[in-house]
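Listed below are the residues making up each chain.
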Amino acid sequence: MQVEDILKQVQQGTISVVEAKEKLATYENLGFAKVDHHRKQRQGYPEIIYGAGKSPEQITSIIESIKQKGNDVLVTRITKDKADVVLQEHQEFTYDEAAGILYWKQERKPSDNEEKGYIAVVCAGTSDLKVAEEAAVTAEVLGSNVHRIYDVGVAGIHRLLDNIEEIQQATVTVVIAGMEGALPSVVGGLVSHPVIAVPTSVGYGANFQGLSALLTMLNSCASGISVVNIDNGFGGAYNAVLIDRIATNAKSE
């Protein structure tokens with residue numbers, strides 16, 4: 001609701017000054033959290049809840065605050081036991097255990113995404129799927145179309161090449177890989193769009209919990225590659241969604 005509409009309602013006496021102040025507040029203080037209700041106005045998407053380290057009760061309170069404003073809700077890094085508690089109060093939510101994501105989004109017309117491009121989420125191996133699914137589900141909840149291309153690591157590069165046309169036609173690609181982290185460089189050399197590289201902590205001792213993959217990606221010789229932090233499927237997806245949204249808006253003009 002716009003500021004002018006709220007002020008008119010106060011003038012007409014349909015809402016009180018106190019109610020108007022609540023509607024105009026930039027955030028809601030829950031004591032343990034200050035929920036940023038103006039995030040969507042500034043960045044295009046409402047505040048997203050990071051579930052790790054929060055109790056089910058805290059997550060539920062933040063969910064209710066966000067949903068009360070009519071916004072979609074996305075909770076990342078939430079375990080099944082916490083999600084089960086939240087789902088007792090909010091059965092309309094969906095929990096994706098593979099992604100560690102709990103979410104609710106308003107129903108939209110099927111035609112909303114028909115004219116859009118898509119984000120390709122590419123991962124090297126099955127062991128990277130948790131991070132890949134965090135990326136894929138995040139992008140879908142935020143409104144992008146997603147094509148999943150999984151288990152196409154460089155150890156069997158023919159698997160990647162069999163899917164390269166689908167990847168090349170994407171608006172942006174998120175590439176998830178552990179071990180030596182070479183996959184983003186290979187993909188980056190074969191596409192003409194931005195690539196978001198996500199290193200994972202998958203690998204043996206010298207992998208250093210994903211540090212070797214991170215350094216490989218940061219030192220990529222392929223142009224057009226940006227890198228997010230280790231296991232940060234959410235961050236990779238969020239950046240990809242921003243790119244996808246810009247590209248979609250440009251096409252519609």
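Just so we're clear, the structure is a prediction, and the values are computed from it rather than from any experiment.

Student: Please explain the environment of Lys80 as it appears in this structure.
Tutor: Tracing the backbone shows Lys80 in helix α5 (residues 80-89). Judged by relative accessible area, Lys80 falls into the partly exposed class, the value being 38%. As for Lys80 and Gly100, which are separated by 20 residues in sequence, their C-alpha atoms are 7.6 Å apart. Setting aside residues no more than four positions away along its own chain, Lys80 makes contact with Tyr95 and Glu97.

Student: Would you take a moment to explain helix α6 (residues 129-141) for this structure?
Tutor: Because the α-helix completes a turn every 3.6 residues, residues three or four places apart line up on one side. In this model, α6 (13 residues) spans 18 Å end to end at C-alpha, consistent with the 18 Å of a helix rising 1.5 Å per residue. Counted residue by residue, α6 has 10 buried out of 13 residues, so it is predominantly covered. Of the positions making up α6, those classed as buried are Val131, Ala132, Glu133, Glu134, Ala135, Ala136, Val137, Thr138, Ala139 and Val141. Taken from the residues just after α6, Gly143 is the one with a positive phi, measuring 110°.

Student: Mind showing me how you'd approach the environment of Leu190 here?
Tutor: As for its position among the elements, Leu190 is in the loop between α9 (183-188) and β10 (195-199). Given a relative accessible area of 33%, Leu190 falls into the partly exposed group. Sequence separation between Leu190 and Ile167 is 23 residues; the distance between their C-alpha atoms is 9.0 Å. Non-local contacts of Leu190, meaning those with residues more than four positions away in its chain, are made with Leu161, Ile164 and Gln168.

Student: Explain a nonpolar patch on the surface here, please?
Tutor: Among the surface-exposed residues, Phe208, Leu211, Leu215 and Leu218 lie close enough to one another that they form a single nonpolar patch of about 390 Å² accessible area. Checked against the element boundaries, Leu218 lands in helix α10 (residues 211-218).

Student: So what exactly am I meant to see when it comes to the sheet that holds strand β11 (residues 225-227) here?
Tutor: In sheet architecture, strand pairing relies on hydrogen bonds along the backbone and comes in two forms, parallel and antiparallel. As summarised here, the arrangement of the 5 strands in space is β8-β7-β9-β10-β11, forming an open sheet in which the pairing is parallel. Of all strands in the sheet, those bounded by a partner on one side alone are β8 (146-149) and β11. Neighbour-to-neighbour, the strand axes of the sheet open up by a mean angle of 20°, direction not taken into account. Taken together, the 3 bridges between β10 and β11 define a ladder with parallel strand orientation.

Student: How should I be thinking about the nonpolar core in this particular structure?
Tutor: Side chains that are nonpolar tend, in soluble globular proteins, to be buried together. Core analysis: the biggest nonpolar cluster contains 27 residues, and Ile119, Val121, Val174 and Ile176 have the highest contact counts within it. Among the elements of the structure, β7 (119-123), α6, β9 (172-177), β10 and α11 (233-252) are those that each provide at least two residues to this core. No other element matches the 7 residues that α6 contributes to this core. For Val174, the contacting residues outside a window of four places in its chain are Ile119, Ala120, Val121, Val122, Ala135, Ile196, Val198, Gly236 and Ala240. In terms of nonpolar packing, the next biggest core, distinct from the first, is built from 20 residues, Ala124, Val152, Val175 and Val187 among them.

Rules and cut-offs
- Residues numbered from 1 in each chain as written.
- Predicted model: local features only at pLDDT ≥ 70, side-chain atom pairs only at ≥ 80, totals over all residues.
- Heavy atoms only, no water.
- Helix = DSSP H or I, 4+ residues; strand = E, 2+ residues; numbered from the N terminus.
- Buried < 20%, exposed > 50% of the residue type's maximum accessible area, 1.4 Å probe, protein only.
- Contact = heavy atoms within 4.5 Å.
- Expected span 1.5 Å × (residues − 1).
- Patch = residues over 30% accessible without salt bridge, like charges linked within 9 Å, V, L, I, M, F, W, Y side chains within 5 Å.
- Areas by Shrake-Rupley, 256 points an atom, 1.4 Å probe, with all protein chains shown as cover.
- Salt bridge = Lys/Arg side-chain N within 4 Å of Asp/Glu carboxyl O.
- Pairing = 2+ DSSP bridges.
- Axes fitted to C-alpha atoms, helices over the stretch in contact; angles between N-to-C directions.
- Core = buried A, V, L, I, M, F, W, Y, C linked by side-chain atoms within 4.5 Å.

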